[in-house]
Amino acid sequence: MSTRTELLADPAGTTDLTDQATSPSGSVLIVGVGGQGVIMASNIIADVALSNGLDVKNAEVHGMSQRGGMVTSQVRFGAEVYSTLMEPGTADFVIALEWAEALRSFAFLAPTGMLIASSQRIIPPAALSNRVTGRFDYPLEGWTDPRALRVDARGLAQGAGDVRAAATVLLGVLSNRMPFPVKSWREALKRWVPVKA
């Protein structure tokens, strides 16, 4: 199986919080469907920011997650964070564990933000245009934007030995663009990812 990661346009304008001279601040929206690890990923990001002395606010929505429904989590961090929720157009990063959820949440991305999205597609029953043949309509095939990075997270996780690690693959991509040491990410992963996983 071949895996592919591709920048969907010119990388020159990507978000990079690693060079902030003052106390870093930022916001990350994590989206996916039930069972993909959205909540765990947001807890890891929050843990990393907290372990580096920052204030963190985290809000999550996981209403229909047990039935494969949408799950979102917003993580905001900085010297002092006053609001839990972010407005559309303000997220420094949108991390999407599923492609349709990436497209659905794209409006939250700041003009200088970056979308890091898995190319995995989970077709919800409502998207089937013909339930007898299984034909479906999937949103915006071939969509591109200069702020988007599409990652074959599932393929990379499978190649590493466990397809369930796709969220961790996307966190690895994110970690290279955030102002926190690798040690903080490793320690947070140890705290939040079960040993058997």
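Residues numbered from 1 in each chain as written. Predicted model: local features only at pLDDT ≥ 70, side-chain atom pairs only at ≥ 80, totals over all residues. Heavy atoms only, no water.

**Q** Before we go on, may I ask you to explain the packing of helix H1 (residues 38–51) against helix H5 (residues 182–192) in this structure?
**A** Packed helices, taken two at a time, are described by the angle their axes make and the gap between the axes. With their axes 9 Å apart at the nearest point, H1 and H5 run at an angle of 135° to one another. Relative to H5, H1 is oriented oblique. The element H1 and its partner H5 pack so that their crossing is right-handed. Residues Met40, Asn43, Ile44, Ile45, Asp47, Val48 and Ser51 of H1 pack against Ser184, Trp185, Ala188, Leu189, Arg191 and Trp192 of H5. Grouping the constituent residues of the contact of H1 with H5 by class yields eight nonpolar, three polar and two charged. (Axes fitted to C-alpha atoms, helices over the stretch in contact; angles between N-to-C directions. Helix = DSSP H or I, 4+ residues; strand = E, 2+ residues; numbered from the N terminus. Parallel < 35°, antiparallel > 145°, perpendicular 65-115°, else oblique. Left-handed = near helix turned anticlockwise from the far one by under 90°. Contact = heavy atoms within 4.5 Å. Nonpolar A, V, L, I, M, F, W, Y, C, P; charged D, E, K, R; others polar.)

**Q** Help me out: how do you make sense of the pattern of salt bridges in this one?
**A** Side-chain pairs of opposite charge can arise where the charged atoms are in close proximity. Inspection of the entire model under this criterion finds six salt bridges. In this structure, Asp145 engages Arg147 in a salt bridge whose closest nitrogen and oxygen atoms are separated by 3.2 Å. The pair formed by Asp145 and Arg147 is uniform in burial state, with each residue classed as buried. (Salt bridge = Lys/Arg side-chain N within 4 Å of Asp/Glu carboxyl O. Buried < 20%, exposed > 50% of the residue type's maximum accessible area, 1.4 Å probe, protein only.)

**Q** Teacher, can you tell me more about the environment of Glu60 here?
**A** On the secondary structure map, Glu60 appears in strand S3 (residues 55–61). Sequence spacing of Glu60 and Leu85 is 25 residues, and the spatial spacing of their C-alpha atoms is 9.4 Å. The residues contacting Glu60, other than those within four sequence positions of it, are Ile39, Thr72 and Ser73.

**Q** Can you help me understand the confidence of the model for the protein chain in this one?
**A** In low-pLDDT regions, the fine details of the predicted coordinates are not to be read closely. On average, residues of the protein chain score 80 in pLDDT, and 73% of them reach the 70 mark or higher. Considering only residues more than four positions removed or in separate chains, one finds that residues 1–16, a stretch of pLDDT under 50, has 38 contacts. (pLDDT = per-residue confidence, 0-100.)

**Q** Can you help me understand the pairing of strand S5 (residues 91–96) in this one?
**A** Side chains on a regular strand alternate between the two faces of the sheet. Most of S5 is tucked away: six of the six residues are buried. Examined bridge by bridge, strand S2 (residues 26–33) and S5 share four bridges and lie parallel to one another. Looking across to S5, one finds that Ile30 is bridged to Ile95. Strand direction decides the pairing type here: S5 and strand S6 (residues 109–118), joined by five bridges, are parallel. Pairing of Ala91 across the sheet is with Leu109, part of S6. The parallel pair S5 and S6, bridged by helix H2 (residues 99–105), forms a crossover whose chirality is right-handed. (Pairing = 2+ DSSP bridges. Right-handed = clockwise from strand over helix to strand, strands pointing away.)

**Q** How should the side chain of Asp92 be read in this particular structure?
**A** Looking at the secondary structure, you find Asp92 in strand S5. No salt bridge is formed by the buried Asp92, whose closest oppositely charged neighbour, Arg76, lies at an N-O distance of 7.8 Å. A polar atom in the side chain of Asp92 sits 2.8 Å from the backbone nitrogen of Ser27. (Lys, Arg positive; Asp, Glu negative; His and termini not counted. Polar contact = N/O pair within 3.5 Å; in protein donor to acceptor, adjacent residues only side chain to side chain.)

**Q** I'm lost on the nonpolar core in this one. Help?
**A** In a soluble, globular protein the nonpolar side chains are often hidden away together inside. Core analysis: the biggest nonpolar cluster contains 33 residues, and Val28, Ile30, Ile95, Ile116, Leu174 and Trp185 have the highest contact counts within it. Sort the elements by how many residues they give to this core and H1 lands first, with seven residues. Among residues more than four places away in sequence, those in contact with Leu174 are Val28, Ile45, Phe93, Ile95, Ile116 and Trp185. Formed by 14 residues, the second largest nonpolar core is a distinct cluster that contains Trp99, Ala102, Phe106 and Ala117. (Core = buried A, V, L, I, M, F, W, Y, C linked by side-chain atoms within 4.5 Å.)

**Q** Mind showing me how you'd approach helix H3 (residues 153–160) here?
**A** Looking only at H3, the buried set comprises Ala153, Gly155 and Ala157. Buried residues in H3 make contact with S6, strand S9 (148–151) and helix H4 (166–175). Among the residues trailing H3, Gly161 stands out with phi positive, at a value near 115°.

**Q** Would you explain the packing of aromatic side chains in this entry?
**A** In this description, a pair of aromatic rings is defined by centroid distance and the angle of the planes. Following the criterion strictly, the structure yields one aromatic pair and no others. Taking NZ or CZ as reference, Arg150 lies 4.7 Å from the ring centre of Trp99, over its face. (Phe/Tyr/Trp six-rings, centres within 6.5 Å; stacked < 30°, edge-to-face > 60°. Lys NZ or Arg CZ within 6 Å of the ring centre and 35° of its normal.)

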